[in-house]
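Coordinates in review
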Amino acid sequence: MASNSDNPVLVHLFMRGGMDSISALVPAGDPNYRTARPTSSIPEDKLIQIDQTFGFHPAMAGLAELYSAGELAIVHGLANPSEVRSHFDAQDDVDRGWPGNTSELTGWMARTANAMTPRE
């Protein structure tokens, strides 16, 4: 639902560990999808198609509605540019928003919220 306020709102969902993003936002238009997932691919007739390449899993109908209304953005194929091999260091990079910069003490969400806060 759209906000009636002029104040910006940012909602960020980071599903650590338990989210299979390829089953949530299915790249059904990719010819390799069903080959790579012969037993776990989502049937095409069950998808909520959003374009020639992607469709939402049927359980994501609420997100599909937000996307159709222009109230949800999707960032697909995101990767950490760092070549760090530690899961914990990579997680810190994502949380900070500064890959490899261990001197940064705040996370990107805190910096974004600060930047979004109206100043008087």
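No experiment lies behind these values; they were computed from the predicted model shown.

The next thing to look at is the overall build of the chain. A count of helices and strands for the chain gives five helices and three strands. Counted from the first residue to the last, the chain has its helices and strands arranged as α-β-α-β-β-α-α-α. Of all intrachain contacts in the chain linking residues separated by at least 6 positions in sequence, the fraction that spans at least 24 positions is 33%. A total accessible area of about 9,200 Å² is found for the chain, and carbon and sulfur atoms account for 55% of it.

Relative to the assigned elements, glutamate 65 resides in helix H3 (residues 61-68). A relative accessible area of 59% means that glutamate 65 is categorised as exposed. Taking the C-alpha atoms as reference points, glutamate 65 and isoleucine 48, 17 residues apart in sequence, are found 9.8 Å from one another.

Moving on to the sheet that holds strand S1 (residues 25-26). Within the open sheet, the three strands sit side by side as S1-S3-S2. Their pairing is antiparallel. In this open sheet, the two edge strands, each paired with only one partner strand, are S1 and strand S2 (48-49).

A contiguous nonpolar surface patch, about 350 Å² in accessible area, is contributed by Val9, Val11 and Leu13. Mapped onto the secondary structure, valine 11 falls in the segment before helix H1 (21-24).

This brings us to the pattern of salt bridges. A side chain of one charge can pair with a side chain of the opposite charge when the charged atoms of the two come close. Tallying each qualifying case throughout the model produces two salt bridges. Between arginine 37 and aspartate 20 there is a salt bridge; the shortest N-O distance is 2.8 Å. Of this pair, arginine 37 sits in the loop between helix H2 (33-36) and S2 while aspartate 20 is found in the segment before H1, placing the two residues 17 residues apart along the sequence. For aspartate 20, a relative accessible area of 34% corresponds to the partly exposed category.

A few words on the environment of proline 43. By the secondary structure assignment, proline 43 is in the loop between H2 and S2. Considering only alpha carbons, one finds proline 43 and alanine 28, 15 residues apart in sequence, at a separation of 9.0 Å.

With that settled, consider the nonpolar core. Membership of the largest hydrophobic core is limited to six residues, which are Ala24, Leu25, Phe54, Phe56, Met60 and Ala64. Setting aside anything within four residues of it in sequence, one finds methionine 60 in contact with Met19 and Ala24. With five residues, the next largest nonpolar core counts Ala28, Tyr33, Ile42 and Leu47 among its residues.

Each α-helix winds once per 3.6 residues, and so residues spaced three or four apart point in a common direction. Two or three places before phenylalanine 88, at the opening of helix H4 (residues 87-96), serine 86 has a side-chain oxygen 3.2 Å from that residue's backbone nitrogen. Backbone geometry just after H4 places glycine 97 at a positive phi near 80 degrees.

For the rest of this paragraph, the subject is the side chain of arginine 96. When you line up the elements, arginine 96 lands in helix H4. It turns out arginine 96 is buried and unbridged, and the closest side chain with the opposite charge, aspartate 92, is 4.3 Å from it. In contact with arginine 96, other than residues within four places in its own chain, are Asn101, Thr102, Glu104, Thr106, Gly107, Trp108 and Arg111.

Calculation notes
- Residues numbered from 1 in each chain as written.
- Predicted model: local features only at pLDDT ≥ 70, side-chain atom pairs only at ≥ 80, totals over all residues.
- Heavy atoms only, no water.
- Helix = DSSP H or I, 4+ residues; strand = E, 2+ residues; numbered from the N terminus.
- Contact = heavy atoms within 4.5 Å.
- Areas by Shrake-Rupley, 256 points an atom, 1.4 Å probe, with all protein chains shown as cover.
- Buried < 20%, exposed > 50% of the residue type's maximum accessible area, 1.4 Å probe, protein only.
- Pairing = 2+ DSSP bridges.
- Patch = residues over 30% accessible without salt bridge, like charges linked within 9 Å, V, L, I, M, F, W, Y side chains within 5 Å.
- Salt bridge = Lys/Arg side-chain N within 4 Å of Asp/Glu carboxyl O.
- Core = buried A, V, L, I, M, F, W, Y, C linked by side-chain atoms within 4.5 Å.
- Polar contact = N/O pair within 3.5 Å; in protein donor to acceptor, adjacent residues only side chain to side chain.
- Lys, Arg positive; Asp, Glu negative; His and termini not counted.

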